[in-house]
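Structural overview for review
For reference, the chains in residue letters:
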Amino acid sequence: MEADKMLDYIKDVLENMPADWLRLTTHRLDIYDEKLAKVQFLDQFEILAKENNSNPSALNDLPTAYDYIRLGHPLSCVLEWVIAKLNNLAPDQVISFLSKTTPILSVLRKNLLDHKNTLIAYTGELPSSFDIEILRTIYGYTFELKQVSKASDISEFDGSTIFVSQQDEISSVDQNLNIDFYINLYADFGSVLLVNGEENKKYILDIQHVRRRETVAMTPDNCLGALKSLGNQPASDTQQKNVAENRSTVLESIKEVSGANTTPLVASSGLSVQYAILMGLVHNAVENHKGKAIKIIVPPNCYGGTNDQARRVAACNDAIEIVDLPVDGDNDMVQSIDIVLAKIAKEDAIPYIIAEIPTNPRVEVPDLNNLREVLSAKRKTANGSEAIDPVFILDQTFCPNVHFLGKTDILSSVRTISFASGSKFPSGGKCTAGYCVANNKAEALMDKIALHLQLCDNEATDLQMELLAKQMPSMKQRIHDAYLNTLEFVNFIKETLPTAKINFVSEELAKEGFTPSVFSLDLPTKGDTTEERETYKRELNHKLINLMITEIPDESKYCVSYGQLNGCYWTIPATSTQGTTKEDDKDYIARVSLSPNMDVELHKKVFLKFVGGM
């Protein structure tokens, strides 16, 4: 397709695209094959482009590009497709980022693990947050720097050459066979990485994995602006008004909902802020406990992104080790923490614990008094000296309104940092932003966390802050209303199908403030062998979900999320989020997330129909 015809086609696509391309943060799983993320969408988009078909119905029928916009989305795929066409590359060789520094780090990370040299050549200035010393001493990255006037000035190098340049407009790059990776920085949009040369295609999956775990794709709003600029169309008015006021509203809302009186940090996503927490704590350990081993303690079946990211951090540093923390089913979180901390104390190592309360997917809450005692206990090293006290990194995504952090709250005596995904209840699914906040005892750690959030260029955008400012004031009421809907539906299922096993908070826990609007449903099964029973249960789960999304298409949706403003979300397996949880740790049970605004009676009616057909 000629460039002019392609840009005309893109202009028509932008006029006719589904509103969900810009609005939704989480997309349907029933029309999604994760192994073909981006590929399946673009294969069919390419067919439409060849036919010059930009009909709204045709665009709406395209398969899901990615299940969650942090990883990518229709507009990022279209932007990458266009840039690939302009540069005679395959679409998978173009990867867009919201961050301007993380694409550089994605290459440095792979070369660290591959023991390969890296040259970073650049015009003008590198991103202001690119801290050379910290990248070398804390991240362990090795690289050379060279300022050049233009791409053609770059000569051959024994290793990978990254060429970083500020760009005013999206266009084709100046080809140079000595450049392995082009990273184009766009002031208003983010950055785009181009993988150059057949021999560098092996980097693509690793670079995509960094975008998946440590940052976010260029946002739909920014991609739309970038695509419009290609066709010389006026970009939408992306200048956010009341930036300072929005920021103030968000920070005060986080303090109020968490009970903390320290200053929160807001990031581009929950995993962006979690990465800043981990790297900030690693930095603190290197400075204050030089030479000591770092132990990241994490449940093996927690949210897949948390699990994977922690292991990725450990993979880059020989001093960091992952310690599994069994928390679900027959395992007691408090007992597991006590055992693990005793062992780490003997080793005189530094313990960082990541845990979800309630747990995912089985919605369990430990005895909080016992948890405080175990986390606060003084322990001794093997030689009798005082052991380093733990930092408790608490994922409060499922119950962000429970107070753990205030001066009189249950974990006030423990160094605790709470974080939550803002794509859930904080924004009601309007954006991907995430946040963290510390109690007084952990406040001193926040400076380092803020430093790494800035270094990775992962701070929340003005638009994300605007969306949070609009939604967070109603957050506590939405949590309450969604819980009541969930309780009503759960009680109905118990009455209608008493042989089903439901994981949901007890009334006693609800009185303590734990009012999630998510539950997991383990349907009754049958069969002579374990394998037969498991197969039957999985088929029954899918039958239930298919019935719900077919009978209630305007409300029931097969997707991974929680805390949405409207409708009901279903997913299975409950811990498979983005597919990196080990198979043995997956729970093949349905996870159901209800909202404050949905037709509970209709969902009961359809569930009753399902039971009648069992």
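For clarity, every value in this text was computed on a predicted model and none was experimentally measured. (Residues numbered from 1 in each chain as written. Predicted model: local features only at pLDDT ≥ 70, side-chain atom pairs only at ≥ 80, totals over all residues. Heavy atoms only, no water.)

Structural notes on the overall build of the protein
Helices and strands together make up the secondary structure of the protein, namely 20 helices and 18 strands. The principal-axis extent of the C-alpha atoms belonging to the protein is close to 65 × 65 × 55 Å. In the protein, buried positions account for 61% of the 614 residues. Counting only contacts in the protein whose residues sit at least 6 apart along the sequence, the fraction spanning at least 24 positions is 74%. (Helix = DSSP H or I, 4+ residues; strand = E, 2+ residues; numbered from the N terminus. Buried < 20%, exposed > 50% of the residue type's maximum accessible area, 1.4 Å probe, protein only. Contact = heavy atoms within 4.5 Å.)

Examining the state of the cysteines
The bond known as a disulfide is covalent and runs between the sulfur atoms of two cysteines. All told, the structure shown has zero disulfides when counted by the stated rule. Cys456 supplies the cysteine sulfur nearest to Cys436, a cysteine that is in no disulfide, at a spacing of 13 Å. (Disulfide = S-S within 2.5 Å.)

Focus: the packing of aromatic side chains
Applying the stated criterion across every chain, the model contains 17 aromatic pairs. With 5.1 Å between their ring centres and 90 degrees between their planes, Phe45 and Trp81 make a pair best called edge-to-face. With Phe45 in helix α3 (residues 39–50) and Trp81 in helix α5 (residues 74–86), this residue pair connects regions lying 36 residues apart in the sequence. Residues Phe45 and Trp81 agree in their burial class; the two are buried. Consider the rings of Tyr139 and Tyr141, whose centres lie 5.7 Å apart with planes at 35 degrees: the pair is tilted. Members of the aromatic cluster, each reached through a chain of ring pairs, are Tyr9, Trp21, Phe41, Phe45 and Trp81. Seen from the ring of Tyr203, Lys110 lies directly overhead, with NZ or CZ sitting 5.4 Å from the centre. Above the face of the Phe143 ring, Arg136 is positioned so that its terminal group lies 4.5 Å from the ring centre. (Phe/Tyr/Trp six-rings, centres within 6.5 Å; stacked < 30°, edge-to-face > 60°. Lys NZ or Arg CZ within 6 Å of the ring centre and 35° of its normal.)

Things to note about the sheet that holds strand β6 (residues 190–195)
Spatially, the six strands line up as an open sheet ordered β1-β6-β5-β4-β2-β3, and their pairing is mixed. Lying at the two open borders of the sheet, with one neighbouring strand each, are β1 (94–97) and β3 (144–147). If you compare each strand with its neighbour and ignore which way they point, the axes differ by 20 degrees on average. Judged from the five bridges that link them, strand β2 (residues 118–122) and strand β4 (residues 160–166) form a sheet pairing that is parallel. (Pairing = 2+ DSSP bridges. Axes fitted to C-alpha atoms, helices over the stretch in contact; angles between N-to-C directions.)

Details of the pairing of β4
Summarising burial for β4: six of the seven residues are buried, a large majority. Relative to strand β5 (residues 181–186), β4 runs parallel, the two sharing five bridges. Looking across to β5, one finds that Ile162 is bridged to Phe181.

Regarding helix α16 (residues 462–471)
Within an α-helix, residues lying three or four positions from one another point in the same direction, as the helix has 3.6 residues per turn. Of all the 10 residues making up α16, seven are buried; the element is thus mostly covered by neighbouring parts of the structure. Within α16, the full set of buried residues consists of Gln464, Met465, Glu466, Leu467, Leu468, Ala469 and Gln471. In this structure, the buried side of α16 is in contact with α10 (243–258), β7 (265–267) and α17 (475–496).

Details of the side chain of Thr306
Relative to the assigned elements, Thr306 resides in helix α12 (residues 304–315). Setting aside its immediate chain neighbours within four residues, Thr306 contacts Leu271, Gln274, Val298, Ile354 and Asp395.

Quick word on helix α14 (residues 368–376)
Along α14, the positions that sit buried rather than exposed are Leu368, Leu371, Val374 and Leu375. Down the axis of α14, the buried set is contained in an arc of 120 degrees. They therefore lie on one face. On the buried face of α14, the contacting elements are α13 (333–346), β10 (350–356) and β11 (391–395). The N-cap of α14, judged by a side-chain oxygen 3.1 Å from the amide nitrogen of Asn369 a few residues on, is Asp367. (Arc of directions from axis to C-beta. Polar contact = N/O pair within 3.5 Å; in protein donor to acceptor, adjacent residues only side chain to side chain.)

With respect to the domain arrangement of the protein
For the protein, the assigned domains are domain 1 (1–229), domain 2 (241–471) and domain 3 (473–610). For domain 2 versus domain 3, the distance between C-alpha centres works out to 26 Å. Contact residues are listed per partner, giving 36 residues for domain 2 and 36 residues for domain 3. Here domain 2 meets domain 3 over a buried area of about 3000 Å², counting both sides, of which 61% is carbon and sulfur. For the domain 2 face of the interface with domain 3, the top three residues by lost area are Arg362, Val363 and Phe425, together amounting to 25%. Here domain 2 and domain 3 share one salt bridge between them. The partner of Lys476 in a salt bridge is Glu256, and the shortest N-O contact between them spans 3.4 Å. Put simply, domain 2 and domain 3 have six residue pairs in polar contact (both at pLDDT 80 or more) between them. For the side of domain 2 that touches domain 3, the elements supplying multiple residues, two or more each, are α10, α12 and α16. Within the side of domain 2 that touches domain 3, the residues separate by chemical class into 20 nonpolar, 10 polar and six charged. (Domains from an automatic or database assignment. Buried area = accessible area lost by both parts, 1.4 Å probe. Salt bridge = Lys/Arg side-chain N within 4 Å of Asp/Glu carboxyl O. Nonpolar A, V, L, I, M, F, W, Y, C, P; charged D, E, K, R; others polar.)

Observations concerning the nonpolar core
Grouped together as the largest cluster of nonpolar side chains are 141 residues, with contacts concentrated most on Phe45, Phe392 and Phe607. Setting aside chain neighbours within four positions, we find Phe607 in contact with Phe489, Phe492, Ile493, Leu497, Leu521, Leu544 and Met548. The next biggest cluster of nonpolar side chains, apart from the first, holds 64 residues, and it includes Ile207, Ala267, Val298 and Ala438. (Core = buried A, V, L, I, M, F, W, Y, C linked by side-chain atoms within 4.5 Å.)

Examining the sheet that holds strand β13 (residues 434–438)
Strand order in the open sheet formed by seven strands is β7-β13-β12-β11-β10-β8-β9, and the pairing between neighbours is mixed. Where the open sheet ends on each side, the last strands, each with one partner, are β7 and β9 (320–324). Averaged over neighbouring strand pairs, the angle between their axes works out to 20 degrees when direction is ignored. Bridging between strand β8 (residues 294–298) and β9 involves five bridges; their strand directions are parallel. Across the sheet, Lys295 pairs through a bridge with Glu321, a residue of β9. With respect to the sheet, α10 is in contact with β7 and β13, its orientation differing from that of β13 by roughly 60 degrees.

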